[in-house]
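Each chain is listed here by its residues.
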Amino acid sequence: MTILHLGEGESRQAWNEALADRAWESGTRIKLDGERSVWQSLMLGSMAAVKVRPARAWWARTIKSDLARHIAGERHLRRLTLPTATNLCLARVGKTEVLVSEWLDGPTLLECLTELGAEARAEFVVAAARIVGRLAAKRVFNRDGKPSNVIVLNDAGPVLGFIDVGGVRMEPWTSSDQVLSGCARMLDALVHEPAGVGAPLDANEIRAVVNAASAVLCNSLGWSLSRDDTNLFLEHEVHTLIDAHGDATPKVNPLDPQTDPQTDPQTDPQTEPQTQPRA
């Protein structure tokens, strides 16, 4: 076993012992995609999300792996004081690479958008759009900032936290057009997913999302560029991206429970159904 990363204050010896016997497999497997899996498991006394991937060949290890990119993504978000799951340990265990992260408890933003009334729904999606504006202003791009990867930690505010942050990266944007294009792509990720699960944002909601992101972006950068021009550009780009995607139906519906047959409540009365992964 090789420990590749330890979170602040974490014990190398403790994680060596915890991972050596694949302790996460005593938890609940929430997601299985070929050789890739996600588990909810009690690790070193705390609930954690555990991502497991096939380990790469030695000659491919000069490039950051999917799981290693989560470490960098967390750092970028922490720098902007945005809540995200803490990565506790990254390790190679036999033929697998394992990332253990804090479990963020709460519904996903996608769940809230499908269940809330119009007024509360607008409050939540606008809060997410303001964060997109903050990210773009700092030249940070979140490739996978869809609502199923945003956790509502507290209704008041609301307070939103981020999971699956391996796609968060700094971008060398140098022009206003590049910043706006990056912002539009993040807004597209935010508004596209709900349409695929029967809860599409209407034109007014999309406009509110664009306006919220635009206000934060322009204020943060002190742009003299007209807010109206910025809004028009972003709104046009978002709708162009939505049209280019076509059918928004996801291959796997993130709202559908993914039950591990090994721990199916119908066959194991000791096990309760679990929610989606929070890291």
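Everything numeric in this text was worked out from a predicted model, so none of it was measured. (Residues numbered from 1 in each chain as written. Predicted model: local features only at pLDDT ≥ 70, side-chain atom pairs only at ≥ 80, totals over all residues. Heavy atoms only, no water.)

1. A word on the overall build of the protein chain
Then step 1. Looking only at helices and strands, the protein chain has seven helices and 10 strands in total.
Then step 2. Looking at the 279 residues of the protein chain, the share that counts as buried comes to 49%.
Then step 3. Across the protein chain, the fraction of contacts at a sequence separation of at least 24, relative to all contacts at a separation of at least 6, is 67%.
Then step 4. Accessible area of the protein chain: about 13,800 Å², with a carbon and sulfur share of 49%. (Helix = DSSP H or I, 4+ residues; strand = E, 2+ residues; numbered from the N terminus. Buried < 20%, exposed > 50% of the residue type's maximum accessible area, 1.4 Å probe, protein only. Contact = heavy atoms within 4.5 Å. Areas by Shrake-Rupley, 256 points an atom, 1.4 Å probe, with all protein chains shown as cover.)

2. Things to note about the pairing of strand S5 (residues 87-93)
Then step 1. With seven of its seven residues buried, S5 lies for the most part within the structure.
Then step 2. Across four bridges, strand S1 (residues 2-6) lies against S5 in antiparallel orientation. Paired with Thr2 across the two strands is Arg92, which belongs to S5.
Then step 3. Of the strand pairs in this sheet, S5 and strand S6 (residues 96-102) are connected by six bridges, and their pairing is antiparallel. Residue pairing in the sheet places Val93 in a bridge with Thr96 of S6.
Then step 4. Following S5, the chain reverses through two residues before pairing antiparallel with S6; Gly94 in that reversal takes a positive phi of roughly 60°. (Pairing = 2+ DSSP bridges.)

3. Topic: the state of the cysteines
Then step 1. Evaluated as defined, the whole model comprises zero disulfides.
Then step 2. For the unlinked cysteine Cys218, the closest cysteine sulfur is that of Cys183, found at 9.2 Å. (Disulfide = S-S within 2.5 Å.)

4. Structural notes on unusual backbone geometry
Then step 1. For the peptide bond that leads from Gly157 to Pro158, omega is -15°, which places it in the cis range.
Then step 2. Mapped onto the elements, Pro158 comes out in the loop between strand S8 (150-154) and strand S9 (159-162).
Then step 3. Although it is not a glycine, Leu44 adopts a positive phi angle of roughly 50°.
Then step 4. Locating Leu44 in the fold gives a position in the loop between strand S3 (36-43) and strand S4 (46-54).
Then step 5. Residues other than glycine seldom take positive phi values, yet Thr81 does so here, at roughly 55°.
Then step 6. Considering the arrangement of structural elements, one finds Thr81 in the loop between helix H2 (68-79) and S5.

5. Description of the sheet that holds S3
Then step 1. Judged by pairing direction, the sheet is antiparallel, and its six strands sit side by side in the order S1-S5-S6-S4-S3-S2 without closing on themselves. This sheet does not close on itself; its edge strands, each paired only once, are S1 and strand S2 (28-33). This sheet shows a mean twist of 20° between the axes of neighbouring strands, independent of strand direction.
Then step 2. Contacts from helix H1 (residues 12-20) reach S1, S3, S5 and S6, with the element oriented near 125° to S1.
Then step 3. With respect to the sheet, H2 is in contact with S1, S4, S5 and S6, its orientation differing from that of S5 by roughly 165°. (Axes fitted to C-alpha atoms, helices over the stretch in contact; angles between N-to-C directions.)

6. Quick look at the packing of helix H6 (residues 203-221) against helix H7 (residues 227-245)
The angle between the axes and the distance between the axes are what describe a pair of packed helices.
Then step 1. Contact geometry for H6 and H7: axes closest at 9 Å, N-to-C directions at 130°. Taken as axis vectors, H6 and H7 run oblique relative to one another. Helix-helix and strand crossings are classified by hand; for H6 and H7 the assignment is right-handed. Facing Ile206, Arg207, Val210, Asn211, Ser214, Ala215 and Cys218 of H6, the residues of H7 in contact are Arg227, Thr230, Asn231, Leu234, Glu235, Val238, His239 and Ile242. (Parallel < 35°, antiparallel > 145°, perpendicular 65-115°, else oblique. Left-handed = near helix turned anticlockwise from the far one by under 90°.)

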